[in-house]
Amino acid sequence: MSLQRAVLAGGCFWGMQDLIRKLPGVAETRVGYTGGDVPNATYRNHGTHAEGIEIWFDPEKTTYRRLLEFFFQIHDPTTLNRQGNDLGMSYRSAIYHVDEAQKAEALETIADVEASGIWPGKVVTEVEPVGDFWEAEPEHQDYLVRYPGGYTCHFPRPDWVLPRRDAAE
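Because the structure is predicted, anything quoted here is derived from the model rather than measured.

Calculation rules
- Residues numbered from 1 in each chain as written.
- Predicted model: local features only at pLDDT ≥ 70, side-chain atom pairs only at ≥ 80, totals over all residues.
- Heavy atoms only, no water.
- Helix = DSSP H or I, 4+ residues; strand = E, 2+ residues; numbered from the N terminus.
- Contact = heavy atoms within 4.5 Å.
- Salt bridge = Lys/Arg side-chain N within 4 Å of Asp/Glu carboxyl O.
- Buried < 20%, exposed > 50% of the residue type's maximum accessible area, 1.4 Å probe, protein only.
- Phe/Tyr/Trp six-rings, centres within 6.5 Å; stacked < 30°, edge-to-face > 60°.
- Lys NZ or Arg CZ within 6 Å of the ring centre and 35° of its normal.
- Core = buried A, V, L, I, M, F, W, Y, C linked by side-chain atoms within 4.5 Å.
- Axes fitted to C-alpha atoms, helices over the stretch in contact; angles between N-to-C directions.
- Parallel < 35°, antiparallel > 145°, perpendicular 65-115°, else oblique.
- Left-handed = near helix turned anticlockwise from the far one by under 90°.
- Nonpolar A, V, L, I, M, F, W, Y, C, P; charged D, E, K, R; others polar.

A. How the structure looks around the side chain of Asp18. Inspection of the secondary structure puts Asp18 in helix α1 (residues 13–20). In contact with Asp18, other than residues within four places in its own chain, are Leu144 and Val145.

As structure tokens, this is what we get:
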């Protein structure tokens with residue numbers, strides 16, 4: 001099995017990790033800080049980094065496209081630097097691509113989201129090359145597994161689902 005890497009940011013990393021980890025084909029996840037300007041970022045000092053999630057997935061069991069579709073279903077990609085009650089650059093929507101194929105898939109998925117008319121506004125999700133990913137402190141890893149009643153603003157929105165492009169996907 002050869003795993004592929006995806007790095008996404010869509011608000012508080014706890015809720016993203018809790019939902020994405022349960023998807024078929026997702027082998028590993030970890031939360032951290034990415035897309036910013038501070039080396040060795042931490043919760044107390046992460047500068048312009050976003051709270052993100054690193055995902056390792058089996059491409060024989062799921063596709064990058066499916067991960068992106070779920071990502072757009074569980075957070076609001078139309079709110080600039082905000083998810084729920086969380087405000088600021090740390091909570092922005094971003095896709096950090098590891099190669100040109102991921103970049104193309106991200107841009108195509110965003111175009112499909114925009115064209116669908118389903119979401120409440122224009123997508124503000126950034127698409128950038130992946131950079132450093134600074135793993136968050138142990139207390140942030142698997143947070144909602146340890147504290148099932150903990151804060152999250154992420155949930156699957158049943159109306160925010162793109163029609164399948166290809167039944168073979």
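From this point, the narrative continues.
B. Spotlight on the pattern of salt bridges. Summed over the entire model, instances satisfying the criterion amount to 10 salt bridges. The shortest N-O distance in the salt bridge between Glu54 and Arg5 comes to 2.7 Å. Pair noted here: Glu54 is in strand β3 (residues 50–57) and Arg5 is in strand β1 (residues 4–10), with a separation of 49 residues, a long-range link. Taking the relative accessible area as the measure of exposure, Glu54 reaches 5% and is therefore buried. For Glu105, the salt bridge is made with Arg65, and the minimal N-O distance between the two is 3.7 Å. Here Glu105 is found in helix α3 (residues 100–116), whereas its partner Arg65 is found in helix α2 (residues 64–74), with 40 residues between them in sequence. If you follow the salt bridges from partner to partner, you end up with Arg5, Arg30, Glu54 and Glu135 in one network.

C. Highlighting the packing of aromatic side chains. With the rule as written, the count across this model stands at six aromatic pairs. Ring centres of Trp14 and Tyr143 lie 3.7 Å apart, and the angle between their planes is 10°; on these two criteria the pair is classed as stacked. Of the two residues, Trp14 sits in helix α1 while Tyr143 sits in helix α4 (residues 143–146), which places them 129 residues apart along the sequence. Take Trp14 and Tyr143: they sit in the same class, and that class is buried. Ring geometry for Tyr143 versus Tyr147: centroids 4.9 Å apart, planes at 40°, classification tilted. Here the aromatic residues Trp14, Tyr143 and Tyr147 are joined through ring pairs into a cluster of three or more. Across the ring face of Phe155, the terminal group of Arg157 is positioned such that the distance to the ring centre comes to 4.1 Å.

D. Region of interest: the nonpolar core. In this structure, Leu8, Met16, Ile20, Ile55, Leu67, Phe72 and Ile95 are the most contacted members of the largest nonpolar core, which totals 25 residues. Mapped by element, the contributors of at least two residues to this core are β1, α1, β3, α2 and α3. Sort the elements by how many residues they give to this core and α2 lands first, with seven residues. Excluding residues within four positions of it along the chain, Phe72 makes contact with Pro77, Ile95, Thr109, Ile110, Val113, Trp119, Val123, Thr125 and Trp160. In terms of nonpolar packing, the next biggest core, distinct from the first, is built from nine residues, Cys12, Phe13, Tyr33 and Ala41 among them.

E. Structural detail: the packing of α1 against α2. Across the interface, α1 lies against α2 with an axial gap of 11 Å and an inter-helix angle of 130°. Put simply, α1 runs oblique to α2. Relative to α2, the crossing made by α1 is right-handed. Between α1 and α2, the residues in contact are Met16, Leu19 and Ile20 and Phe70, Phe71 and Ile74, respectively. Residues belonging to the contact of α1 with α2 are distributed by class as follows: six nonpolar, no polar and no charged.

F. How the structure looks around the environment of Gly10. Within the element layout of this structure, Gly10 appears in strand β1. A relative accessible area of 0% places Gly10 in the buried class. Considering only alpha carbons, one finds Gly10 and Ile20, 10 residues apart in sequence, at a separation of 12 Å. Apart from the residues within four sequence positions on either side, Gly10 is in contact with Met16, Glu51, Phe71, His75, Gln83, Tyr91, Arg92, Ser93 and His154.

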